[in-house]
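Residue-level structure breakdown
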Amino acid sequence: MTDIETLERALRAAAQAHDDAALPDLIGPADDRRLLDLAYATLDSPVGTLLLAVTARGLVRIAYLGPEDEQSVLDELATAISPRVLAAPRKLDSPRRELDEYFAGTRRRFEFPLDWRLTRGFGRRVLQATARIPYGTVSTYKQMAGEAGSPRGSRAAGNALGANPLPIVVPCHRVVHADGGLGGYTGGVERKKVLLAVERGDRL
Amino acid sequence: MKLPPFQALLDAHGRDVHRFLLATVGPGAADDCYQETWLAALRAYPRLRHATNLRAWILTIAHRKTIDHFRARRRQPMPVEGFAERAVLRDGALAEAETVNGRSDLWEHVRALPPKQRTAVALRYVFDAGYADIAATMDTTEEAARRNVHEGLKRLRTEYTP
């Protein structure tokens, strides 16, 4: 008969033995069963690290990490869309590749679908008008407000653009003041300058 | 109900769930049980009514998956030639025929314990869990948790020689 302390020691020691086993993949089976409501990944870019999130409908969120922190962005997504949020870089292969190409200057439009569910009403109309501004050109807050059905709503249009959940791909950096001033930007005006420089073909 | 992103749970408890399963169902079945545990958790997660003690919640699911695993094994028809090695132990649990370097692994004896003793012993010695934690995970009283560990150890003492 083994004494109890020897037994307890042996149990603890044996439990430590398998500590470094690799953890099995969950993304594949979760996706097959349609349990992956939100997949996210990060991407390094000339405007800093981006967090990208995708739903079954399409890309739903791009966040500038730095101005925003990863945990709060994920918390917001969990509350607004679904708590079934998992890190799944492979689910974001095409947005990541297309964004890389965009920053390299070899892509002028994005092909992946967008999920607009984090926008609504006037804000959504402003952002959808913004999405039509051609690459390498700029428009004005007043113009966007007008296209969204409220010609006197420049300030409201500015707020909607400041809350853009999909910066870069919904190019709110292409919206400037009528007097030529750059205006604000969701990730800070330095990032706006970099994006406009990319589209002018400047070397970064 | 505000629930944290599921990834936070996985980051915090993924390794522990795997360790628990390695101990309770063994290396051969741990990966399958791990996936089943987390998929069941992911399915149920949005309906969860409170986010307190999510660790106990996920380990409870893992505990149920170990019971399913041993139940399914019991139903599997056994080849005649394998029968001697896979002797049916008390409560119908099967002894794992796996050995490490030809030596019988102490945790194999734990796997052959009745389900409640098996889980209680695993929680106690894999995580150094207190009886209150074991009780919360297994939805029993602290008294019952203590008894499950004690009974498990008593049986192991007679069956295991180092």
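Predicted model only: the values in this text are computed from it and were never measured. (Residues numbered from 1 in each chain as written. Chains lettered and ligands numbered in written order. Predicted model: local features only at pLDDT ≥ 70, side-chain atom pairs only at ≥ 80, totals over all residues. Heavy atoms only, no water.)

**A few points about the sheet that holds strand E1 (residues 38–45) of chain A**
All names here are of chain A. Using the following cut-off: Strands are treated as partners if at least two bridges between them are detected by DSSP. Put simply, DSSP H or I for four residues or longer makes a helix, DSSP E for two residues or longer makes a strand, and each gets a number counted from the N terminus. Here the axes come from fitting lines to C-alpha atoms, over the contacting stretch only for helices, and the angles between their N-to-C directions go from 0 to 180 degrees.
Pairing in this open sheet of four strands is mixed, and the strands run E3-E2-E1-E4 from one edge to the other. If you trace the sheet from one side to the other, it starts and ends with strand E3 (59–64) and strand E4 (85–87), each paired once. For this sheet the average axis-to-axis angle between neighbouring strands, irrespective of direction, equals 25°. Across three bridges, E1 lies against E4 in parallel orientation. Its bridge partner lying in E4, Ala39 is registered against Leu86.

**Observations regarding the packing of aromatic side chains**
What counts here: The criterion for an aromatic pair is that two Phe, Tyr or Trp rings (for Trp, the six-membered ring) have centres within 6.5 Å, with stacked assigned to planes under 30 degrees apart, edge-to-face to planes over 60 apart and tilted to the rest. For the exposure calls, accessible area comes from a 1.4 Å probe over protein chains only, and a residue counts as buried if that area is under 20% of its type's maximum, exposed if over 50%, partly exposed in between.
One pass over the structure, following the stated rule, counts nine aromatic pairs over all chains. Geometrically, the ring pair formed by A:Tyr64 and A:Tyr185 is edge-to-face, given 5.9 Å between the ring centres and 65° between the ring planes. Of this pair, A:Tyr64 sits in strand E3 while A:Tyr185 sits in the loop between strand E6 (175–176) and helix H8 (189–200); the two residues are 121 residues apart in sequence, bridging distant segments of the chain. Across the pair, exposure class does not vary: A:Tyr64 and A:Tyr185 are buried alike. Judged by centre distance (5.7 Å) and plane angle (90°), the rings of B:Phe6 and B:Trp38 are edge-to-face. Of this pair, B:Phe6 sits in helix H1 (residues 6–24) while B:Trp38 sits in helix H2 (residues 27–44), and the two are 32 residues apart along the sequence. Of the two residues, B:Phe6 and B:Trp38, both sit in the buried class.

**Re the packing of helix H1 (residues 4–16) of chain A against helix H7 (residues 142–159) of chain B**
Think of two packed helices as two axes; the pair is described by the angle between the axes and how far apart they sit. To be explicit about the condition: Roughly parallel refers to an angle under 35 degrees, roughly antiparallel to one over 145, roughly perpendicular to one between 65 and 115, and oblique to any angle outside these ranges. By definition, residues are in contact when any of their heavy atoms lie within 4.5 Å. For this classification, Asp, Glu, Lys and Arg are treated as charged, while Ala, Val, Leu, Ile, Met, Phe, Trp, Tyr, Cys and Pro are nonpolar and the rest, including Gly, are polar.
The interhelical angle for the contact between H1(A) and H7(B), taken along N-to-C directions, is 100°, at an axis separation of 10 Å. In terms of their interaxial angle, H1(A) and H7(B) are classed as roughly perpendicular. Judged by residue contacts, A:Ile4, A:Leu7, A:Glu8 and A:Leu11 of H1(A) engage B:Leu153, B:Leu156 and B:Arg157 from H7(B). Classifying every residue of the contact of H1(A) with H7(B) gives five nonpolar, no polar and two charged.

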